[in-house]
Structures are given as C-alpha cells and as structure tokens.
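Inside the fold
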Amino acid sequence: MTHAVTAPPAVTLPIAGSEETYPVRRIWCVGRNYAAHAREMGSDPDREPPFFFQKPTDAIVQNGEAIPYPPGTGNLHYEIELVVAIGKAGFKIPAEKALEHVYGYAVGLDMTRRDLQNAAKDTGRPWEMGKAFDRSAPCSEIQPASKIGHPEAGAIWLKVDGAIKQESDISHLIWNVSETIAHLSDLVELQPGDLIYTGTPEGVGPVVAGEVMEGHVDGVGDIRTPVTDPA
Ligand code: MN
C-alpha cells in the first residue's frame, strides 16, 4: 500500500529500562482535577464530574527537547501533571478494575495558551486553540507500573529557572487515577497508547522564551523543557 501523501510519523515515548517504546495513540486531558487549581481558575472545586479534552499526538515533546514559544499567544502557561499510560483496551471500566488497564506513568506538561483558552471560555467556543496546539504536551519517559506500582501519593512540583512555581501532592487529585479511567471509559473506549494527563495543581503561570521548566512527580520521574524564541 502506498499513500498519496506523506504518512504521519509514529509518535512514541521511551520506556525506562527498556529497549521497547510506548506508541502514543491519543492524548486525553482532565480539566480542573485539583481543588486549589479549580479555585484559582475561578471555578467551584466541588466534586462535579470530571471533564475531558484532547490533544493531537503532534503535541508530544520528548524530555529535554526545547519548545519554541508558540504563535498566537502572549500568555503561555505551564501545567505540571501526572500522566497515565493505558496498556489494555477497555470500555465502561469499573474503578476497582481500572488499574489493570494501566501500563505505566509519566510526568507531563499540559502547555496552555491561557489567553486563547480564556477567550474560548468567554465566548462558549472550543478550547482547541488554547490547548491542542503543536508541541503542547511535553512528556517524560514511561515508568512501567510493573516496576513502580501505582503511585497514589507523592510530591508533584514545577520549577521555572530553578524557582518553585507549583507544589502539591498527587493524593490531592479530586478524581484519582482509577476514578478518572472509569469516567473517561464511560465516554470513549480506551485503547493501548492512550495517555491521560490527569490535571494540574495550583500555581499555574506564564513562561517566556529563554526560561527552562523542570517538573517532577515522586516515584515517577522528571521532565525538563526549555522554551526558546518563536520559530
Ligand atoms: Mn491541565
């Protein structure tokens, strides 16, 4: 079979301690999943059902790779997040079975053109141009759950040029990993290769060209992403 136009490249992430790679299929993101972040965004942090949005696989940026400051924004924000890597397909997965569908975990950045996202909120329009743009989802290598287990607590933080900006604990997730998988798989059939960015804690803010973001989740790993001048 030959294609009429250039076929999209396979997007993969490295797996810690393995020659194998993790093929990325879809990138799901959870909105407002830490109460203190929901509050800073002007929302009620009560346990309303989680909501989801998506990024294309083109959004993936490998750990250590720089991202050029993206077009169309003057307010690019970092959001440090625990990332879940799905390993087994499932539809309407009960929360008590959800972890059986997890291959592993990673540390990711849900980069956000906050000015465009806020304009979309104000006008009732889709979030895509605020969230789903090129190189908006840096992600670390995957740590297999077979090695690290399923982290339920541990520090999550983000520094810009060495200064701490976000600092919380993944135990503060409003909807934990199992519950998030249960909710999301009620809406779509999850597939191997699906990543779930589980939401960011409080302290989001802007980053500019020349700065370096460094993020961490205890027991999962680290990510480092410099921001360079616009392409
Ligand atoms: Mn986010």
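What comes next is a walk through the structure. (Residues numbered from 1 in each chain as written. Predicted model: local features only at pLDDT ≥ 70, side-chain atom pairs only at ≥ 80, totals over all residues. Heavy atoms only, no water.)

**Observations regarding the overall build of the chain**
Secondary structure assignment for the chain yields five helices and 18 strands. At 17 Å, the chain has a C-alpha radius of gyration in line with the 17 Å of a compact globule built from 231 residues. With the principal axes as the frame, the chain shows a C-alpha extent of 50 × 40 × 35 Å. With 231 residues in all, the chain has 51% of them scored as buried. With an accessible surface of roughly 10600 Å², the chain has 51% of that area assigned to carbon and sulfur atoms. When the 19 basic and 32 acidic side-chain charges of the chain are each reduced to a single mean position, those positions are 4 Å apart. (Helix = DSSP H or I, 4+ residues; strand = E, 2+ residues; numbered from the N terminus. Rg over C-alpha atoms; globule rule 2.2 N^0.38 Å. Buried < 20%, exposed > 50% of the residue type's maximum accessible area, 1.4 Å probe, protein only. Areas by Shrake-Rupley, 256 points an atom, 1.4 Å probe, with all protein chains shown as cover. Lys, Arg positive; Asp, Glu negative; His and termini not counted. Charge placed at Lys NZ, Arg CZ, Asp CG, Glu CD.)

**Observations concerning the nonpolar core**
Met111, Ile181, Ile196 and Met213 are the most contacted members of the largest nonpolar core, which totals 38 residues. Within the residue set of this core, elements represented by two or more residues are strand S3 (26–31), strand S7 (76–78), strand S8 (80–86), strand S9 (102–109), strand S13 (155–160), helix H5 (177–187), strand S17 (212–217) and strand S18 (221–228). The residues contacting Met111, other than those within four sequence positions of it, are Lys55, Ile67, Leu76, His77, Tyr78, Gly130, Lys131, Phe133, Ser136, Pro138, Val207 and Met213. Membership of the second largest hydrophobic core comes to 20 residues, among which are Leu13, Ile27, Trp127 and Tyr197. (Core = buried A, V, L, I, M, F, W, Y, C linked by side-chain atoms within 4.5 Å. Contact = heavy atoms within 4.5 Å.)

**Digging into the pattern of salt bridges**
On inspection of all chains with the given rule, the structure shows five salt bridges. Taking the shortest distance from any N to any O, the salt bridge between Arg114 and Glu79 comes out at 2.8 Å. Placement of the pair is Arg114 in helix H2 (residues 114–123) and Glu79 in the loop between S7 and S8, with a sequence separation of 35 residues. Here Arg114 matches Glu79 in class, with each residue buried. Linked by salt bridges that have partners in common, Lys55, Glu79, Asp110, Arg114 and Lys131 make up one network. (Salt bridge = Lys/Arg side-chain N within 4 Å of Asp/Glu carboxyl O.)

**Topic: the pairing of S9**
Counting buried positions over the eight residues of S9 gives seven, a clear majority of the element. The pairing of S8 with S9 spans seven bridges and is antiparallel. What sits directly across from Val84, in S9, is Tyr105. Here two bridges tie S9 to strand S12 (residues 143–144), and the two strands are oriented antiparallel to one another. Across the sheet, Gly104 pairs through a bridge with Pro144, a residue of S12. (Pairing = 2+ DSSP bridges.)

Any functional reading would require information beyond the geometric quantities listed.
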